[in-house]
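If you want the building blocks of each chain, they are given just below.
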Amino acid sequence: MKNQSRGLSVILPNNKELSMTVGLKDRGLDVFIQLSELLGISDLHLFGLSILDGNQPLFLDLEERLSLYLPKSWRKNTSKEKAILSLKVQYFVENVQLILNSKARQLYYAELKGKVLRSECFEQEGLYFQLAAYALQTDLGDCEEQNFAYFSPQGFFPFWIVQKHGKDYILKHTPALHRELKGMSSSEAALLFIQEAFTLSDVPLTIYRLFKEKNKPQGCVLMGVASTGLQISEMLNGQQQFVYDLPWPSIHSITFQGNKFEIRTGLHEKKLVVYSLSVLHAKNLLQHISNSHRLHLNTKSLVMRLKKRNGTHREMYITDGADLDMEDSDDELPPLKFLLENIQKQTTGTTDCRNATGTDTSNGSCCLEMSVDEPEEMFVDDPEDVLRLVELVEGVSVDGPLYFFSLERDEQ
């Protein structure tokens, strides 16, 4: 059968829209490659393609066909509405200096800027003013002496700050912070914005909406996937209430069967049981959690090295990769792109929920488990160690009806 063409739009983190033509049999990876070529960015490995399904974000498994996620009307070419995907940050890193590609960093900055505008860390109010100054330097360059408002407060501050202080207060006091950054390049300002935005607890994470009881959307639980673990919140009277953090070392295992999601924590294996929107949502969420945990472990020593090199001062190491002196340099970074590619390969094969006889069990009998009983952590000091990590990751079996993810234990 001929691979018929279909139209597709992709919304970028900076809200620009790209129109593409794809094949009906194309996988998410085919779209990702085409998108990378259109943007001229070879390193998009911290990003993923996302779609809203049931008003919930769902990252596509790039090995699956688009037709699994898009409506039948798109497949049959009977809908007048465009099929829309979004390019979003899927993996948050603990140090922005690991994002070497300048174009990728600009997209990363654009998404985090939007998340900062929706952030509600009330106890860190002062930080939002500093973030606004970094964003102004990134977007507009040096602050020139002007007697008029040269920016809109709503474009740089969360609504609650604008509401609390008023536009006049913000327009009066923010330019002084902006002027302190005179001479700083746009790239450096974006780097500082990203790193400081990471300190806001509700910014560097992806939120998934789960439910306390099966088929009952009243009791809503919000699970945030971050680089350091999971955050659990509840919706009470329309307000998000933080419940607790689950750092990776505190998680014993995570399993799902059907759309039932079970997290076991601690020595006494306390468990949290929640329900996802569907089996597909549960499976993709578990894959996202597993990949995020591996990335945290595989880059932990790099983060420690960068932190040690920078010390306690605010100097930031900025490079687009080509600027690195690779000969006898202590600053050489192992290829993060290479790590991510192999982390994603390791979970390829868990897309189809089938039992040992090959029968499709996508009706809800598929059970996956993520265990955090792991071997000793390996420190990445050179590219040879990266290859050892990749061998460890690729050596995990994903055959059989029960998928088992064996990960290195994070240090306490």
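Counting restarts for each chain: residues are numbered from 1 in the order of the written sequence. pLDDT decides what is reported in this predicted model: residues at 70 or higher carry local features, side-chain atom pairs at 80 or more are listed and counted, and totals for whole chains, interfaces and linings draw on all residues regardless. Neither water nor hydrogens contribute to the side-chain values; these are computed over all heavy atoms in the structure.

**Brief notes about the pattern of salt bridges**
Stated precisely, the cut-off is as follows: We count a salt bridge whenever a side-chain nitrogen from Lys or Arg sits within 4 Å of a carboxyl oxygen from Asp or Glu.
Scanning all chains against the criterion turns up eight salt bridges. For K271, the salt bridge goes to E262, with nearest N and O atoms at 3.9 Å. Connected through shared salt-bridge partners, R27, D30 and E63 make up one network.

**Notes on the packing of aromatic side chains**
So the rule is basically this: Each pair of aromatic rings taken from Phe, Tyr and Trp, with Trp reduced to its six-membered ring, is defined by centres within 6.5 Å and is described as stacked if the planes are under 30 degrees apart, edge-to-face if over 60, and tilted in the remaining cases. A run of DSSP states H or I qualifies as a helix once it reaches four residues; a run of E qualifies as a strand once it reaches two. Both are numbered from the N-terminal end. Burial status follows relative accessibility: with a 1.4 Å probe on protein chains alone, a residue under 20% of its type maximum counts as buried, one over 50% as exposed, and anything between as partly exposed. By definition here, charges over rings are those cases where NZ of Lys or CZ of Arg is within 6 Å of the ring centre and within 35 degrees of the ring normal.
Inspection of the entire model under this criterion finds 11 aromatic pairs. Between F122 and W160 the ring centres are 4.7 Å apart and the planes differ by 75 degrees, which places this aromatic pair in the edge-to-face class. Here W160 lies in helix α5 (residues 159–165) and F122 lies in the loop between α3 (102–117) and α4 (125–140), a separation of 38 residues in the sequence. Residue class for W160 comes out buried when judged on its relative accessible area of 14%. Through a chain of ring-to-ring contacts, the aromatic side chains of F47, F92, Y108 and F198 assemble into a single cluster. Positioned above the aromatic ring of F156, the side-chain terminus of K113 is 4.2 Å from the ring centre.

**Quick notes on the packing of α4 against helix α7 (residues 186–197)**
Two quantities define a packed helix pair, namely the angle between the helix axes and the distance between the axes. As a reminder, the rule being used: Fitted lines through C-alpha atoms give the axes, limited to the stretch in contact for helices. The angle between two N-to-C directions lies from 0 to 180 degrees. An angle below 35 degrees is read as roughly parallel, one above 145 as roughly antiparallel, one from 65 to 115 as roughly perpendicular, and any other as oblique. Handedness of each helix crossing follows the sense of rotation of the near helix against the far helix: counterclockwise by less than a right angle gives left-handed, clockwise gives right-handed. Should any heavy atoms of two residues lie within 4.5 Å, those residues are considered in contact. Three residue categories are used. Nonpolar comprises Ala, Val, Leu, Ile, Met, Phe, Trp, Tyr, Cys and Pro, charged comprises Asp, Glu, Lys and Arg, and polar comprises the others, including Gly.
Two elements in contact, α4 and α7, have axes whose closest approach is 8 Å; the angle formed by their N-to-C orientations is 155 degrees. Judged on the interaxial angle alone, α7 and α4 are roughly antiparallel. Crossing angle aside, the handedness with which α4 passes α7 is left-handed. Only S186, A189, A190, L192, F193, E196 and A197 of α7 make contact with α4, whose side of the interface consists of L127, L131, Y134, A135, Q137 and T138. Classifying every residue of the contact of α4 with α7 by side-chain character gives nine nonpolar, three polar and one charged.

**Details of the sheet that holds strand β3 (residues 47–53)**
Defined as follows: By this definition, two strands are paired if DSSP reports at least two bridges between them.
Spatial strand order, β2-β1-β5-β3-β4: five strands in an open sheet with mixed pairing. Only two strands of the sheet have a single partner each, and these edge strands are β2 (17–23) and β4 (56–59). Each adjacent strand pair in this sheet contributes to an overall mean axis angle of 40 degrees, direction not counted. Two elements, strand β1 (residues 5–11) and β2, share seven bridges in a ladder whose sense is antiparallel. Each residue of the ladder has a partner; that of G7, found in β2, is T21. Contacts from helix α1 (residues 28–39) reach β1, β2, β3 and β5 (84–89) within the one sheet, and its direction differs from that of β2 by about 135 degrees.

**Some remarks on the confidence of the model for the protein**
For any part of a model where pLDDT is low, the fine detail of the predicted coordinates should not be relied upon. Here is the rule: By definition, pLDDT measures how confident the predictor is in each residue, and it falls between 0 and 100.
Chain-level pLDDT for the protein is 77 on average; 73% of the residues reach the 70-or-more range. With pLDDT under 50 throughout, residues 312–335 is counted as low confidence; its partners more than four residues away or in other chains account for 41 contacts. Under a pLDDT of 50 for its full length, residues 347–408 has, in the predicted model, 155 contacts with residues more than four places off or in other chains.

**Observations concerning a nonpolar patch on the surface**
Put simply, the rule reads: Each patch is assembled from residues with relative accessible area greater than 30% and no salt bridge, linking like charges that lie within 9 Å and nonpolar side chains (Val, Leu, Ile, Met, Phe, Trp, Tyr) that lie within 5 Å. For the area figures, the Shrake-Rupley method with a 1.4 Å probe applies, and any residue is considered shielded solely by the protein chains shown.
A surface patch of nonpolar side chains, amounting to about 260 Å² of accessible area, comprises F242, V243 and Y244. Structurally, V243 can be placed in strand β9 (residues 239–247).

**Here's the deal with the side chain of Q56**
Inclusion rule: Here a polar contact is taken to be a pair of N or O atoms separated by no more than 3.5 Å, where protein atoms must pair a possible hydrogen donor with a possible acceptor and residues adjacent in sequence count only if both atoms sit in side chains.
Along the polypeptide, Q56 turns up in strand β4. A polar contact is formed between the side chain of Q56 and the backbone oxygen of R209, at a distance of 2.9 Å. Setting aside residues up to four positions removed in sequence, Q56 forms contacts with I51, Y208, R209, F211, L277 and H281.

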